[in-house]
Amino acid sequence: AGSREAFDRLIERYGSPVRKFVFRRAPQESAEDLLQEIWLGAWLALPEFDGRSRFGTWLYGIAINKCKNYYRSQSRALCHVGLDEALAYTDEPVFRSASADCLPEAIAALSKTHQQLLDLYYYAELTLPEIARMLDQNLNTVKYRFYRAHGELAAQLKEEPK
């Protein structure tokens, strides 16, 4: 309802995870500006938030779009830092045995779609239905791509020299 105090509480709750999310995607010298754009965008768009998804899902959607816009304006491809910490603790043996040095390189070899999907799931901790809503894609499509992303990543890691 336009309450600055309520918005400050949202920033307290989501500030640190969104900050980490942005700093993984943008150069340090630009990340602070991007964060300001994200929070300003959220403040301005808040009246349109309809509650069909969690606030965090909606906010990460804004963050992703701001990062994409930044890279479009820089005429560069979206840079991705690997999910080494999250994937190293999954149940998949190939992920557990992979060295932290191999994961970023293996992840970078994936398509941008698969990189983004794994990042949203593991780093942003969004569920597959939330990701599907945020990306405006069919849930079964997201599930299939998620499965394929893991398969491709496992294949990349198996090819890496130990």
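Note that the structure is a prediction, hence the values are computed from the model and not measured.

Student: What exactly am I supposed to notice about the environment of Glu125 here?
Tutor: Note that Glu125 resides in the loop between helix 7 (112-123) and helix 8 (128-135). When the C-alpha positions of Glu125 and Gly56 are compared, they lie 9.6 Å apart, and in sequence the two are 69 residues distant. The residues touching Glu125, leaving out its near neighbours within four places in the chain, are Arg54 and Leu120.

Student: Looking at this model, I keep getting lost on unusual backbone geometry. Mind explaining?
Tutor: Keep in mind that most residues, glycine aside, have a negative phi and that most peptide bonds are trans. Backbone geometry at Asp136 places phi at a positive 55°, although glycine is not the residue there. Structurally, Asp136 can be placed in the loop between helix 8 and helix 9 (139-159).

Student: Can you help me understand the side chain of Thr57 in this one?
Tutor: Of note, Thr57 is situated in helix 3 (residues 55-74). Apart from residues no more than four positions distant in its own chain, Thr57 is found in contact with Leu126, Glu130 and Met134.

Student: Would you explain the nonpolar core in this entry?
Tutor: Soluble globular proteins tend to bury their nonpolar side chains together. Counting residues in hydrophobic clusters, the biggest one holds 39 residues, and the most contacted among them are Val18, Val22, Trp39 and Leu59. Those elements giving two or more residues to this core turn out to be helix 1 (4-23), helix 2 (28-45), helix 3, helix 6 (102-108), helix 7, helix 8 and helix 9. Here this core takes nine residues from helix 3, the largest share from any one element. Excluding residues that lie within four positions of it along the chain, Val18 makes contacts with Leu35, Ile38, Trp39, Leu59 and Tyr60.

Student: Mind showing me how you'd approach the confidence of the model for the protein chain here?
Tutor: The predicted structure's coordinates, where accompanied by low pLDDT, should not be read in detail. Chain-level pLDDT for the protein chain is 76 on average; 75% of the residues reach the 70-or-more range. With pLDDT under 50 throughout, residues 75-91 is counted as low confidence; its partners more than four residues away or in other chains account for 38 contacts. Segment residues 96-100: pLDDT under 50, and seven contacts once partners within four positions in sequence are set aside and those in other chains are kept.

Student: Teacher, can you tell me more about the pattern of salt bridges here?
Tutor: Pairing is possible between side chains that carry opposite charge, provided their charged atoms lie close to one another. Enumeration over the complete set of coordinates arrives at five salt bridges. When the shortest N-O distance is used, the salt bridge between Arg148 and Glu152 registers 3.6 Å. Within this pair, Arg148 and its partner Glu152 are both found in helix 9, separated by four residues, close to a single helical turn.

Student: I would appreciate a short explanation of the side chain of Gln116 in the present structure.
Tutor: Its place among the elements puts Gln116 in helix 7. Take Gln116: its relative accessible area is 18%, and that puts it in the buried class. Beyond its immediate sequence surroundings of up to four residues, Gln116 is in contact with Ile64, Lys68 and Leu135.

Student: I'm lost on helix 1 in this one. Help?
Tutor: Helical periodicity: at 3.6 residues per turn, an α-helix aligns residues three or four positions apart in one direction. Along helix 1, the sharpest change in direction is near 55° and occurs at Tyr14; proline Pro17 comes one to four residues later. Inspection of helix 1 places Phe7, Tyr14, Gly15, Val18, Phe21 and Val22 among the buried residues, and these make up the whole buried set.

Student: Would you mind going over the packing of aromatic side chains with me for this structure?
Tutor: Any pair of aromatic rings gets described here by the distance separating the centres and the angle formed by the planes. Across all of its chains, the model carries seven aromatic pairs by this definition. Both rings, one in Phe7 and one in Trp43, keep their centres 5.0 Å apart while their planes meet at 70°; by these two values the pair is edge-to-face. Residue Phe7 is found in helix 1, and its partner Trp43 is found in helix 2; the two are separated by 36 residues along the sequence. Every member of this aromatic cluster is reached through a ring pair, and the members are Tyr14, Phe49, Phe55 and Trp58.

Student: It is not clear to me how the packing of helix 1 against helix 2 should be interpreted in this structure. Could you clarify?
Tutor: To characterise two packed helices, one gives the angle between the axes of the helices and the distance between these axes. For the pair helix 1 and helix 2, interaxial distance at closest approach is 11 Å and the crossing angle is 145°. For the pair helix 1 and helix 2, the crossing hand works out as right-handed. Here Arg4, Phe7, Leu10, Ile11, Tyr14, Gly15, Val18, Arg19, Val22 and Phe23 of helix 1 lie close against helix 2, whose contacting residues are Gln28, Ala31, Glu32, Leu34, Leu35, Ile38, Trp39, Ala42 and Trp43. Grouping the amino acids of the contact of helix 1 with helix 2 by side-chain chemistry returns 14 nonpolar, two polar and three charged.

The rules behind these values
Residues numbered from 1 in each chain as written. Predicted model: local features only at pLDDT ≥ 70, side-chain atom pairs only at ≥ 80, totals over all residues. Heavy atoms only, no water. Helix = DSSP H or I, 4+ residues; strand = E, 2+ residues; numbered from the N terminus. Contact = heavy atoms within 4.5 Å. Core = buried A, V, L, I, M, F, W, Y, C linked by side-chain atoms within 4.5 Å. Buried < 20%, exposed > 50% of the residue type's maximum accessible area, 1.4 Å probe, protein only. pLDDT = per-residue confidence, 0-100. Salt bridge = Lys/Arg side-chain N within 4 Å of Asp/Glu carboxyl O. Bend = angle between axes of the 7 residues up to and from the residue. Phe/Tyr/Trp six-rings, centres within 6.5 Å; stacked < 30°, edge-to-face > 60°. Axes fitted to C-alpha atoms, helices over the stretch in contact; angles between N-to-C directions. Left-handed = near helix turned anticlockwise from the far one by under 90°. Nonpolar A, V, L, I, M, F, W, Y, C, P; charged D, E, K, R; others polar.

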